[in-house]
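A closer look at the structure
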Amino acid sequence: MRWEIPEGLRWTERTPLGRAWLAELPDRLAECVAQWELTAVGPPFAYAFASLALPAELPDGTRAVLKLQYPDDDSVHEGTALAHWAGRGAIRLLAHDADRRALLVERCDPGVPLHTLALDEALDAAVDLLPRLAVPAGPPFTPLAEEAAGWAERMPANWRRTNRPYERRLLDAALGLLAELAPDQGEQVLVNQDLHAGNVLAADREPWLVIDPKPLVGEREFAVVPLVRGAELGHSPTAVRRRLDRLSTELGLDRARVRGWAIGQTLAWSVGGDEVFPGNIEAARWLLDET
């Protein structure tokens, strides 16, 4: 089977771990195709950033997507989360090989992402979808408080290593908010720390389905954070604050806690390795400086 590394995965070529993963992919892909008797395996989806994802069909003709995950910690329990949701608001898990970090999942047709809608239409859809995903959960999912502690531990060193890419007041504010919010949360439910508008696709079975979850267990206020910060639905102070206001109000969430989590996680995710993401820094600043 011949295929080229999709553009979204080119970043893996820059690290030893990424290159080792790429070298293993052809054998792993062939093994999964044989194991699940897949046919009609197509070229990889170009936009996939953290996995090699290819369209395929099961022996009975069911249209699916085969995902071979990059071995990061955030997606270890993706398959478990999909099984936990059991198709309610998220794609169905069809098969899972944890040792190979391989998933076979439902294919969304037509697969149009949520960000193709106007802002308020997209928020309407999110308000309908999010409560269905907020199901009680526990182990093996990482608690949000534990994840937040990791962000807080890494952020100062990341800030110094990347030559202080944002003002110290942002770092201090984010650290203070994470310390305040993490130990004092509401009911613990399954949340997805990467639920942005590119990871919600139009489907036949339901109007919109979530893909590619990075699951945690935490309070509902955290669940909307990726949609608040995400540039997919507009990158401006007005758009970010509009999302914060509508999602908090219409989902009955504590706006101050949503804002605090958004500042904390957005700034934590503003540095990845040695790469700085200015859009996240801007979004965190707009949220901190709102009047």
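This text goes with the structure placed above it.
Report on the accompanying structure.

So, how was this worked out
Residues numbered from 1 in each chain as written. Predicted model: local features only at pLDDT ≥ 70, side-chain atom pairs only at ≥ 80, totals over all residues. Heavy atoms only, no water. Helix = DSSP H or I, 4+ residues; strand = E, 2+ residues; numbered from the N terminus. Rg over C-alpha atoms; globule rule 2.2 N^0.38 Å. Contact = heavy atoms within 4.5 Å. Areas by Shrake-Rupley, 256 points an atom, 1.4 Å probe, with all protein chains shown as cover. Salt bridge = Lys/Arg side-chain N within 4 Å of Asp/Glu carboxyl O. Buried < 20%, exposed > 50% of the residue type's maximum accessible area, 1.4 Å probe, protein only. 1 Å grid on protein atoms, 1.4 Å probe; cavity = no way out; pocket = protein on both sides within 12 Å on 5 of 7 lines; lining within 4 Å. Points joined across faces, edges and corners; volume = space filled by probe spheres on them. Nonpolar A, V, L, I, M, F, W, Y, C, P; charged D, E, K, R; others polar. Expected span 1.5 Å × (residues − 1). Pairing = 2+ DSSP bridges. Axes fitted to C-alpha atoms, helices over the stretch in contact; angles between N-to-C directions. Core = buried A, V, L, I, M, F, W, Y, C linked by side-chain atoms within 4.5 Å. Polar contact = N/O pair within 3.5 Å; in protein donor to acceptor, adjacent residues only side chain to side chain.

1. Focus on the overall build of the protein chain
Looking only at helices and strands, the protein chain features ten helices and ten strands. Taking 19 Å as the expected radius of gyration for a compact globule of 291 residues, we find that the protein chain reaches 19 Å, a close match to that expectation. Expressed as lengths along the three principal axes of its C-alpha atoms, the size of the protein chain is roughly 55 × 40 × 35 Å. Sequence separation of at least 24 residues holds for 70% of the intrachain contacts in the protein chain that already meet a minimum separation of 6. Counting only carbon and sulfur atoms, one obtains 52% of the accessible surface of the protein chain, whose full area is about 12900 Å².

2. Description of the pattern of salt bridges
Pairing is possible between side chains of opposite charge, provided their charged atoms come close. Enumeration according to the criterion identifies 27 salt bridges in this entry. As a salt-bridge pair, Arg-285 and Glu-167 come within 2.9 Å of each other at their nearest N and O atoms. In this pair, Arg-285 is assigned in helix H10 (residues 278-288) and Glu-167 in the loop between helix H4 (144-161) and helix H5 (168-181), connecting sequence segments 118 residues apart. The class of Arg-285 is partly exposed, set by a relative accessible area of 25%. The partner of Arg-257 in a salt bridge is Asp-184, with the nearest N and O atoms 4.0 Å apart. Of this pair, Arg-257 sits in helix H9 (residues 255-268) while Asp-184 sits in the loop between H5 and strand E5 (189-192), and the two are 73 residues apart along the sequence. The network of salt bridges with shared partners includes Asp-120, Asp-124, Arg-242, Arg-246 and Glu-250.

3. A few points about the layout of surface pockets
Approximately 170 Å³ is the volume attributed to the second largest pocket. At the level of elements, helix H3 (119-133), E5 and helix H6 (220-223) are the ones that each hand at least two residues to the lining of the second largest pocket. The class makeup of the residues in the lining of the second largest pocket is twelve nonpolar, one polar and one charged.

4. Description of helix H8 (residues 237-250)
Residues separated by three or four positions in an α-helix point in the same direction, a consequence of the helix having 3.6 residues per turn. When the terminal C-alpha atoms of H8 are compared, their 20 Å separation across 14 residues agrees well with the 20 Å that a helix rising 1.5 Å per residue should span. If you check which residues of H8 are buried, you get Ala-239, Val-240, Arg-243, Leu-244, Arg-246, Leu-247 and Ser-248. Its buried side turned inward, H8 meets H3, helix H7 (225-229), H9 and H10. Looking at the residues trailing H8, positive phi occurs at Gly-252, about 65°.

5. Topic: the environment of Glu-37
Here Glu-37 shows up in the loop between helix H1 (16-35) and strand E1 (51-57). When its relative accessible area of 55% is taken as the criterion, Glu-37 is described as exposed. Spatially, the C-alpha atoms of Glu-37 and Leu-58 are 6.6 Å apart, while their sequence positions differ by 21 residues. The contacts of Glu-37, once residues within four sequence positions are left out, are Glu-57, Leu-58 and Pro-59.

6. Details of the sheet that holds E1
As a general point, the strands of a sheet are linked pairwise by backbone hydrogen bonds and lie either parallel or antiparallel. Taking strand neighbours across the sheet as the criterion, the four strands line up as E1-E2-E4-E3 in an open arrangement whose pairing is antiparallel. Two strands in the sheet have a free side with no partner beyond their single neighbour: E1 and strand E3 (93-97). Strand-to-strand twist in this sheet, taken as the mean axis angle between neighbours without regard to direction, amounts to 20°. Of the pairings in the sheet, the one linking E1 to strand E2 (residues 63-69) comprises seven bridges and is antiparallel in character. Bridging from a neighbouring strand, Ala-53 pairs with Lys-67 of E2. Along the sheet, H1 makes contact with E1, E2, E3 and strand E4 (102-106), crossing E2 at roughly 145°.

7. Structural notes on the nonpolar core
Counting 73 residues, the largest nonpolar core has Val-228, Leu-247 and Trp-261 as the members making the most contacts within it. Those residues in contact with Leu-247 that sit more than four places away from it in its chain are Leu-123, Ala-126, Val-127, Leu-130, Val-224, Leu-227, Val-228 and Leu-253.

8. Let's talk about the side chain of Arg-28
Looking at the element boundaries, Arg-28 is found in helix H1. We classify Arg-28 as buried; its relative accessible area is 15%. A polar contact is formed between the side chain of Arg-28 and the side chain of Glu-24, at a distance of 2.6 Å. In this structure Arg-28 touches Trp-21, Leu-68, Gln-69 and Arg-100, once residues within four positions along its chain are discounted.

Geometric descriptors of this kind do not, in isolation, establish any biological role.
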